[in-house]
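# Remarks on the overall topology
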Amino acid sequence: MKSAVETLNPTRVRLSIEVPFEELKDSLDAAYKKINQQVTVKGFRKGKIPNRVIDQRFGRGAVLEEAVNDALPKFYTEAVNEGELNVLGQPEVDITELKDGELLSFTAEVDIRPTIEIPDYSGIEVEVDAVEVNDEDVDKAVEDLRARFASTNPVERPAADGDVVTIDLEAKVEGEVLEDGVAEGVSYTIGSGELLDGIDEAVTGLEAGGEATFTSSLKGGSAEGKEAEVTVKVTAVAARELPELDDDFAQMASEFDTLDELKADSRKRLENMKQYDQATQAQERVLEKLLELVEVPIPEKLLEDEVKTRKHNLEHHQLGQMGLDIEKYLEIQGKTAEEFDAELREQAVKGIKTQFVLDELVNKEKLNVNQEELTEHLMRRAQSSGMSPDQFAQAVVEGGQVPMLVGEVARGKALAVVVEAAKVTDTNGEAVELEDEEEEAAEAADSAEASSEEKTTEA
């Protein structure tokens with residue numbers, strides 16, 4: 001076999017491959033054997049038909065076609081390895097010449113990973129939010145905890161903001177009661193905003209037995225988005241009573257003996273959360289700066305496939321779970337289909353560029369992934385997926401996704417190298433020391449690469 005590589009552009013090549021006919025012998029033998037098992041010829045046992053009879057009865061062309069289809073992948077792979085190419089996706093194959101007994105020639109056009117030069121990244125500087133937790137933040141956290149321990153007691157008075165009311169609902173559209181527009185015994189906290197727009201005003205001031213009618217746009221169900229006439233009847237009113245903020249509350253709501261200890265713990269938790277957010281912000285901003293430094297040609301077919309995949313996942317998975325279709329989603333977002341497609345394409349470009357750049361860094365820095373790192377990453381991914389580690393690991397192995405997880409960890413380590421070399425300061429001008437860089441970097445890299453549906457579905 002002889003092969004030659006022609007560079008069509010920085011991300012695509014054409015392989016020209018010539019195969020002497022004698023090298024097709026194994027494939028020809030396999031083709032005759034396969035046809036032997038599929039056909040019947042009078043006078044011959046199944047599987048024992050001579051090759052010359054197959055040629056006479058079914059044509060030499062059918063045998064050659066079967067043999068070539070069997071041989072092409074093998075010779076293509078040999079040519080790729082010979083050319084030391086890092087190919088992407090499936091090739092477009094064209095048989096240019098097939099002379100029986102003499103020669104097989106074909107070409108294969110395929111996308112390849114572009115050659116990327118990683119510049120000096122030691123001068124990257126980014127600014128992140130300072131970690132600041134004030135007394136108001138702590139008080140709000142304690143109040144949120146306090147609200148979780150609130151009790152309710154029935155009252156005989158008009159409902160007021162913060163009360164818990166038990167209500168019956170009936171929704172009509174164009175005068176007709178919807179099949180799924182009736183609900184009874186619904187518990188609702190006035191002011192929570194968890195039901196329909198306008199319901200707070202409707203029930204405020206009503207006592208048990210009172211009812212009111214208001215107009216609202218339905219947020220779900222068969223008539224989602226339509227204006228409906230909603231009748232609400234209050235069947236019970238209960239006042240929420242918050243526990244006293246004292247040491248007894250601290251002992252009831254936590255493992256602490258005093259309210260001061262509870263507040264100190266709340267402050268520490270808030271600081272840890274903000275430090276985590278700060279680290280994530282640093283990773284993302286360093287990554288943005290790194291991508292600005294590198295020119296990366298994007299294979300067009302790879303980009304189109306990525307856009308299609310992201311759009312499919314959004315339409316058939318995320319939006320479906322939310323009870324939306326693409327038209328309704330665009331209406332909520334206030335975007336045209338053209339704007340949405342442009343945004344999706346931009347995010348796909350960033351995801352591909354991120355993977356190419358970080359993979360090149362992995363090679364440049366000779367980074368490896370050990371079993372402990374892979375296991376830790378698997379545990380995090382399992383947790384975010386809602387599966388047990390064992391279930392997630394089994395799904396990964398059965399789906400052949402272990403190399404993908406290894407790549408995610410390696411890219412996280414590559415980004416951590418860049419972050420370590422960068423200058424990170426907060427909005428107060430203080431230098432920021434980041435801990436657990438690789439873990440946050442892995443998540444930042446995953447976020448940039450991942451299906452952009454998460455970003456595009458933010459209303």
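The structure displayed is predicted, hence computed values, not measured ones. (Residues numbered from 1 in each chain as written. Predicted model: local features only at pLDDT ≥ 70, side-chain atom pairs only at ≥ 80, totals over all residues. Heavy atoms only, no water.)

Before going further, it helps to examine the overall build of the protein. Scanning the protein from terminus to terminus reveals 15 helices and eleven strands. Relative to the globule expectation of 23 Å for 459 residues, the C-alpha radius of gyration of the protein, 33 Å, shows a markedly less compact shape. Reported as C-alpha extents along the three principal axes, the dimensions of the protein are approximately 100 × 65 × 40 Å. Evaluated residue by residue, the protein yields a buried proportion of 37% over its 459 residues. (Helix = DSSP H or I, 4+ residues; strand = E, 2+ residues; numbered from the N terminus. Rg over C-alpha atoms; globule rule 2.2 N^0.38 Å. Buried < 20%, exposed > 50% of the residue type's maximum accessible area, 1.4 Å probe, protein only.)

Let us look at helix 10 (residues 337–364). Between the first and last C-alpha of helix 10 there are 41 Å, a value that for 28 residues agrees with the 40 Å anticipated at 1.5 Å per step. Backbone geometry just downstream of helix 10 places K366 in the positive-phi region, at approximately 55°. (Expected span 1.5 Å × (residues − 1).)

Below, the discussion takes up the pattern of salt bridges. Under the defined criterion, the tally for this structure stands at 28 salt bridges. Salt-bridge contacts for R12 lead to E109; the nearest nitrogen and oxygen are separated by 3.4 Å. In this pair, R12 is assigned in strand 2 (residues 12–20) and E109 in strand 4 (residues 103–112), connecting sequence segments 97 residues apart. Taking relative accessible area as the criterion, R12 reaches 14% and is therefore assigned buried. Between R310 and E306 there is a salt bridge; the shortest N-O distance is 2.7 Å. Here R310 and its partner E306 are both found in helix 8 (residues 300–321), four residues apart, which amounts to about one turn of the helix. For E306, a relative accessible area of 23% corresponds to the partly exposed category. One salt-bridge network, in which partners are shared between bridges, spans E6, R12, R14, E92, E109 and D111. (Salt bridge = Lys/Arg side-chain N within 4 Å of Asp/Glu carboxyl O.)

Attention shifts here to a nonpolar patch on the surface. The grouping of V93, I95 and L98 at the surface amounts to a nonpolar patch, some 220 Å² of accessible area in total. Tracing the backbone shows I95 in strand 3 (residues 87–99). The exposure class assigned to I95 is partly exposed, which follows from its relative accessible area of 38%. (Patch = residues over 30% accessible without salt bridge, like charges linked within 9 Å, V, L, I, M, F, W, Y side chains within 5 Å. Areas by Shrake-Rupley, 256 points an atom, 1.4 Å probe, with all protein chains shown as cover.)

On the surface, a cluster of negative charge is contributed by D247, D248, D257, D260 and E261. Among the secondary structure elements, those contributing two or more residues to the negative patch are helix 6 (247–253) and helix 7 (259–293). (Lys, Arg positive; Asp, Glu negative; His and termini not counted. Charge placed at Lys NZ, Arg CZ, Asp CG, Glu CD.)

Moving on, we get to the nonpolar core. Counting residues in hydrophobic clusters, the biggest one holds 43 residues, and the most contacted among them are I124, V286, L290 and L361. Elements with a minimum of two residues in this core: strand 5 (125–128), helix 7, helix 8, helix 9 (326–333), helix 10 and helix 13 (402–421). Among the elements that line this core, the one with the most residues is helix 10, at nine residues. Contact partners of I124, with chain neighbours within four places excluded, come to V286, K289, L290, L293, V418, A422 and K423. Grouped together as the second largest cluster of nonpolar side chains are 31 residues, V41, I49, V63 and V110 included. (Core = buried A, V, L, I, M, F, W, Y, C linked by side-chain atoms within 4.5 Å. Contact = heavy atoms within 4.5 Å.)

For the rest of this paragraph, the subject is unusual backbone geometry. For E84, which is not glycine, the phi torsion reads 50° and is therefore positive. By secondary structure assignment, the location of E84 is in the loop between helix 3 (60–82) and strand 3. Residue class for E84 comes out exposed when judged on its relative accessible area of 74%.

Time to look at the pairing of strand 5. A regular strand carries its side chains on alternate faces of the sheet. Of the two faces of strand 5, the one holding V126 and V128 is buried and the one holding E125 and E127 is not buried anywhere. Alignment of strand 5 against strand 11 (residues 423–426), held across four bridges, turns out to be parallel. What sits directly across from E125, in strand 11, is K423. (Pairing = 2+ DSSP bridges.)

A few words now on the packing of aromatic side chains. Scanning all chains against the criterion turns up two aromatic pairs. Note on F149 and F249: the rings are 6.2 Å apart at their centroids and 90° apart in plane angle, and the pair reads as edge-to-face. With F149 in the loop between helix 4 (135–148) and strand 6 (151–154) and F249 in helix 6, the pair connects residues that are 100 residues apart, well separated along the chain. In this structure F249 comes out as buried when scored by relative accessible area, which is 2%. With 5.9 Å between their ring centres and 80° between their planes, Y329 and F340 make a pair best called edge-to-face. Note that Y329 is positioned in helix 9 and F340 in helix 10, a separation of eleven residues in sequence. (Phe/Tyr/Trp six-rings, centres within 6.5 Å; stacked < 30°, edge-to-face > 60°.)

Taken from the UniProt record, the annotation "domain: PPIase FKBP-type" (unreviewed entry) applies to residues 162–215. The distance from the first to the last C-alpha atom of residues 162–215 is 22 Å, and the span holds 9% helix and 54% strand. (UniProt positions renumbered as here; feature names shortened; annotations may be inferred.)

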